[in-house]
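Descriptive structure summary
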Amino acid sequence: MEPKIRLVDVWKSFGALAVCRGINLAVAPGELVCLIGVSGSGKSTILRTINLLEPIDDGQILLDGFDITDPGLDAQPVRQRIGIVFQSFNLFPHMTALENVALAPRRVKKKSRAEVLPEAEALFERFGLQDRMHHYPDQLSGGQQQRVAVIRALAMNPEVMLFDEVTSALDPELVGEVLDVIRTLKSSGMTMIVATHEMSFAHEAADKVCVLDQGQIIEEGPPQQIFGAPREARTREFLKRVLREK
Amino acid sequence: MKSNERSGGGSATATVRNRRQIYESRQYRRSVTIASISTAVVLASIVILVPMAPGWERVKASFFNWEIFVKTFPGLAQAFLLDIAIFLWCAPVIAAWSLALALMRDVRAPAFYPLKLFAIGYNDLFRGVPVILVAYLLGFGIPGLGLPRPWNSPYIWGSLALTLSYSAYVSEIFRSGIESIHESQRAAAKSLGLSEADTMRFVVLPQAIRRVMPACMTLVVALVKDVALLSFLGPVEVLRQAGSFKSLYANFTPYVGAAILFLTVTVPATRWVDRLIVQQNQKQR
């Protein structure tokens with residue numbers, strides 16, 4: 001089967017700092033891939049290049065076999081097909097949760113209010129936030145804000161969802177409700193790439209885990225292999241460190 | 001036991017007070033007393049010392065003449081309405097034009113680079129020249145071209161001078177507001193597929209304008225006063241009216257009347273701005 005998303009030898013530097021050094025990655029439709037690795041290993045940058053928020057220096061990113069990093073390509077229609085959720089939520093603070101969700105469908109897809117409203121309400125209901133629709137972001141808990149951010153991305157009916165350390169800014173007791181959202185999406189067949197520090201989540205939910213170190217994928221495989229019998233010394237080193245911290 | 005004491009102290013502040021509360025209320029009374037005494041001393045010395053100056057009687061007669069004040073004040077108030085009118089038609093134009101300038105400076109598309117250059121040059125020019133000079137150059141220069149009515153009106157060119165100068169300042173404030181919106185907000189909008197223009201209109205600008213409102217209001221208050229600069233071009237607004245009353249009665253009291261008229265607008269406006277700023281600071285906390 002053709003991968004939904006494929007990265008071919010992707011390179012990206014910020015000045016002298018190389019953050020992606022020849023990344024190769026294939027994500028099958030409906031697959032949940034977790035990116036793990038220390039901070040600064042390139043997890044976030046990979047997600048941001050897939051969403052075309054960061055232009056790449058070299059290589060290709062294919063969506064359904066179509067090169068979306070082709071120079072001169074209009075980024076907007078591609079971004080509509082790929083949703084991203086950020087570590088710090090990035091909700092629009094001057095809009096209610098509902099307005100946050102409705103903005104892009106109204107302005108980008110040019111849907112009418114009458115069309116957007118029931119769709120948005122259904123999403124809020126699905127993630128248990130129907131009584132928070134008319135609240136402003138600063139009236140919501142971190143976990144609720146992050147769920148609204150997920151709903152906002154889902155409202156554009158994306159084919160792929162990217163999660164950039166979405167639980168890192170949350171209090172420990174709120175992490176679960178956001179991870180549950182990802183699990184729900186997985187059961188509905190969404191293709192997802194999740195950069196995370198939550199090892200137990202990666203272990204239990206991922207179809208494939210990629211270990212990053214200094215801009216390279218040093219090991220990838222099913223979670224049982226990565227967490228049970230890692231082949232690379234650097235993977236073992238990394239896992240030993242994070243699991244001890246827990 | 002301890003918590004009992006604490007809750008008891010809170011509810012019975014008037015009767016049983018602990019040592020800290022006694023100390024704090026004594027400190028408070030002390031500072032109030034010092035402030036009142038020093039204010040009284042300063043006021044008293046002004047009231048006593050100033051009339052002792054050799055020229056006081058003359059100054060009093062020519063600046064604080066009650067009779068002339070009463071006679072000229074209605075005329076001044078009438079003329080002040082013209083100031084208000086000029087202010088009222090300038091303010092919205094300034095708001096719109098300065099916003100346009102701020103947006104020009106923010107454009108990222110290379111095709112619009114000339115606009116950016118224009119906005120930069122414009123702001124340098126009009127922030128670098130005194131408002132009164134712009135008013136003179138436009139107010140006397142353009143009617144000098146011999147244009148037909150109404151295009152030789154000092155109202156039009158005076159107002160334009162105010163608009164051009166003030167827009168340069170206000171657009172800098174708008175720009176600082178736009179730049180203060182974190183890049184992650186733009187990234188979020190972009191990731192949803194919003195265009196640059198929609199991102200600016202729906203995400204960045206509403207937040208930016210809210211943030212810089214207090215700073216803008218400070219300039220609005222300044223504009224109220226600078227309308228008086230147009231008096232040099234001819235319109236009989238309050239300053240010019242005061243000038244002709246001065247010549248008529250050979251007395252400066254009308255200028256004091258004009259000052260009072262400005263204060264009735266600017267002092268409440270300034271207080272209101274202060275309150276806006278306090279509210280803003282509280283919200284950010």
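Since the structure is predicted, the reported quantities are computational estimates derived from the model, not experimental observations.

1. Examining the interface of chain A and chain B
At the junction of the two partners, chain A supplies 22 residues and chain B supplies 17 residues. Between chain A and chain B the total buried area reaches about 1,600 Å² when both faces are included, carbon and sulfur atoms providing 64% of it. For chain A, the biggest contributors to the area lost against chain B are F92(A), H94(A) and R107(A); these three give 32% of the whole. Remark: the boundary between chain A and chain B carries 0 salt bridges. At the boundary of chain A and chain B, one finds 4 residue pairs in polar contact (both at pLDDT 80 or more). Secondary structure elements with two or more residues in the side of chain A that touches chain B: α2 (75-81), β6 (82-85), α3 (97-107) and α5 (142-154) of chain A. A per-class count over the side of chain A that touches chain B returns 13 nonpolar, 5 polar and 4 charged.

2. Digging into the sheet that holds strand β4 (residues 58-63) of chain A
All names here are of chain A. Strand order in the open sheet made by the 4 strands is β2-β1-β4-β5, with antiparallel pairing throughout. The open sheet terminates on both sides in strands that have one partner only, identified here as β2 (17-27) and β5 (66-67). Examined bridge by bridge, β4 and β5 share 2 bridges and lie antiparallel to one another. In the strand pairing of β5, L63 is matched with F66. Packing of helix α1 (residues 43-50) onto the sheet brings it into contact with β1 (5-14), β2 and β4, and relative to β1 it is tilted by some 115°.

3. Concerning the packing of aromatic side chains
Counted according to the given criterion, the structure contains 12 aromatic pairs over all chains. Within the aromatic cluster, the residues linked to one another by ring pairs are W97(B), F118(B), Y122(B) and F126(B). Just above the ring of F92(A) sits the side chain of R152(A); from NZ or CZ to the centre is 4.5 Å.

4. Remarks on α5(A)
Given a rise of 1.5 Å per residue, 13 residues ought to cover 18 Å, and the 18 Å separating the end C-alpha atoms of α5(A) matches this to within 8%. For α5(A), the buried fraction is high: 13 of the 13 residues fall into the buried class.

5. Notes on the environment of A215(B)
All names here are of chain B. For A215, the position within the fold is in helix α9 (residues 196-226). Overall, A215 belongs to the partly exposed group, its relative accessible area being 35%. C-alpha of A215 to C-alpha of V265: the two residues are 50 residues apart in sequence and 18 Å apart in space.

6. Digging into helix α2 (residues 19-49) of chain B
Over its 31 residues, α2(B) runs 45 Å from end to end, which matches the ideal 45 Å to within 8%, given 1.5 Å per residue. Two or three places before R20(B), at the opening of α2(B), N18(B) has a side-chain oxygen 3.1 Å from that residue's backbone nitrogen.

7. Structural notes on the confidence of the model for chain B
Residue and element names in this part refer to chain B. On average, chain B scores 88 in pLDDT, and the residues at 70 or more come to 93%. For chain B, helix α1 (residues 2-11) is the element with the lowest average pLDDT, namely 46, and helix α8 (residues 183-191) is the one with the highest, namely 95. In this model residues 1-12 is a low-confidence stretch, pLDDT under 50, and it forms 2 contacts with partners more than four residues away in sequence or in other chains. Across the assembled chains, the prediction reports ipTM 0.90 with pTM 0.82.

8. Quick notes on the pairing of strand β9 (residues 208-213) of chain A
All names here are of chain A. Most of β9 is tucked away: 6 of the 6 residues are buried. Where burial is concerned, the two faces of β9 agree: the one with K208, C210 and L212 and the one with V209, V211 and D213 are both buried. As paired strands, strand β3 (residues 32-36) and β9 are joined by 4 bridges and run parallel to one another. Note that in β9 the partner of C34 across the bridge is V209. With 5 bridges joining them, β9 and strand β10 (residues 216-221) adopt antiparallel strand pairing. Counted as the bridge partner of V211 is E219 from β10. Linkage of β9 to β10, two consecutive antiparallel strands, is achieved through a turn of 2 residues, within which Q214 is found at a positive phi near 50°.

9. So, the sheet that holds β10(A)
Residues and elements named next belong to chain A. Taken in spatial order, the 6 strands make up an open sheet running β6-β7-β8-β3-β9-β10, and their pairing is mixed. For this open sheet the edge positions go to β6 and β10, each flanked by a neighbour on one side alone. Here the average twist between neighbouring strands, direction ignored, is 20°. As judged from the 4 bridges shared by β3 and strand β8 (residues 191-195), these two strands associate in the parallel manner. Counted as the bridge partner of L32 is M192 from β8. α1 rests against β3, β6, β7 (160-164), β8 and β9 of the sheet, and its axis sits at about 150° to β7.

10. Considerations on the state of the cysteines
Residue and element names in this part refer to chain A. Under the defined criterion, the tally for this structure stands at 0 disulfides over all chains. No disulfide involves C20; its nearest neighbouring cysteine sulfur is the one of C210, lying 12 Å away. C210 supplies the cysteine sulfur nearest to C34, a cysteine that is in no disulfide, at a spacing of 9.0 Å.

Quick notes on the rules
Residues numbered from 1 in each chain as written. Chains lettered and ligands numbered in written order. Predicted model: local features only at pLDDT ≥ 70, side-chain atom pairs only at ≥ 80, totals over all residues. Heavy atoms only, no water. Contact = heavy atoms within 4.5 Å. Buried area = accessible area lost by both parts, 1.4 Å probe. Salt bridge = Lys/Arg side-chain N within 4 Å of Asp/Glu carboxyl O. Polar contact = N/O pair within 3.5 Å; in protein donor to acceptor, adjacent residues only side chain to side chain. Helix = DSSP H or I, 4+ residues; strand = E, 2+ residues; numbered from the N terminus. Nonpolar A, V, L, I, M, F, W, Y, C, P; charged D, E, K, R; others polar. Pairing = 2+ DSSP bridges. Axes fitted to C-alpha atoms, helices over the stretch in contact; angles between N-to-C directions. Phe/Tyr/Trp six-rings, centres within 6.5 Å; stacked < 30°, edge-to-face > 60°. Lys NZ or Arg CZ within 6 Å of the ring centre and 35° of its normal. Expected span 1.5 Å × (residues − 1). Buried < 20%, exposed > 50% of the residue type's maximum accessible area, 1.4 Å probe, protein only. pLDDT = per-residue confidence, 0-100. Disulfide = S-S within 2.5 Å.

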